[in-house]
Amino acid sequence: MDIWDKKKRSEVMSKIRSKNTKPEMTLRKALFARGFRFRVNDKRFPGKPDIVLPKYKTVIFVHGCFWHRHEDCQYAYIPKTNTDFWVDKINSNVERDKKNAEKLSVLGWNVLTVWECDIRHTYKNDISPLIDSIVNKILENHSRET
Ligand SMILES: [Zn+2]
């Protein structure tokens, strides 16, 4: 059984969904501290990527594990109430993510996906190994281009 009733559930979900969630902010701050400059939630790009690095032709999506179904992740559960609704909703999110990523790569952009749980889990201890690997991917893409 769902631990919350319908009203509480939608309240919780709307919070999960809100803009400028902490993991996003954490990643932005860390990249900024490493000297990266970027645009945020740029509407001109398919899927409004959370971070756009024009210099590196790279976009980063910070995906919530629940909303974007992080495979094999404990946060990617399906609520026990309104199950059909959530399955449909999340399926269409995943489908849209896929299409957006395809469009972006056709336009010549490298698409990185960072999962919220990865940021959350490293956050309290040390986020730098995660940032290192993201930075490596950004630079890797860049050197391949030039
Ligand atoms: Zn996850």
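Attention in this report is confined to the structure presented alongside it.

The rules behind the values
Sequence order sets the numbering: in each chain, residues are counted from 1 along the sequence as written. Confidence filtering applies because this is a predicted model: local features only for residues at pLDDT of at least 70, side-chain atom pairs given and counted only at 80 or more, and all residues used for totals across whole chains, interfaces and linings. For the side-chain quantities, the full set of heavy atoms in the structure was used; hydrogens and water were omitted. In the sections that follow, a salt bridge refers to a side-chain nitrogen of Lys or Arg positioned within 4 Å of a carboxyl oxygen of Asp or Glu. The helix count covers DSSP runs of H or I at least four residues long, the strand count covers runs of E at least two residues long, and both are numbered beginning at the N terminus. Burial classes follow relative accessibility: with a 1.4 Å probe on protein chains only, a residue under 20% of its type's maximum area counts as buried, one over 50% as exposed, and anything between as partly exposed. By convention, a stacked pair of Phe, Tyr or Trp rings (six-membered ring in the case of Trp) has centres within 6.5 Å and planes under 30 degrees apart, an edge-to-face pair has planes over 60 apart, and any other such pair is tilted. Distance and angle both matter: a charge sits over a ring if NZ of Lys or CZ of Arg is within 6 Å of the ring centre and within 35 degrees of the ring normal.

Quick look at the pattern of salt bridges
Charged atoms that come close allow side chains of opposite charge to pair.
1) Next: With the rule as written, the count across this model stands at 6 salt bridges.
2) Next: Residue R120 pairs with E116 through a salt bridge whose shortest N-O separation is 3.1 Å. One end of the pair is R120 and the other is E116, both in helix 4 (residues 116-123) and 4 residues apart, which spans about a single turn.
3) Next: Taking relative accessible area as the criterion, E116 reaches 10% and is therefore assigned buried.
4) Next: Put simply, R39, D42 and R44 are held in one network by salt bridges that share partners.

A closer look at the packing of aromatic side chains
1) Next: Under the definition given, this model contains 8 aromatic pairs.
2) Next: For the ring pair F45 and W109, a centre distance of 4.8 Å and an interplane angle of 85° mean the geometry is edge-to-face. Within this pair, whereas F45 is found in the loop between strand 1 (39-40) and strand 2 (51-53), its partner W109 is found in the loop between helix 3 (83-106) and strand 4 (110-115), the two being separated by 64 residues in sequence. Each member of the pair, F45 as well as W109, is classed as buried.
3) Next: An aromatic cluster is present here, built from F66, W67, Y77, F85 and W86 joined pairwise through their rings.
4) Next: The side chain of R37 reaches across the aromatic face of F32, ending 3.6 Å from its centre.

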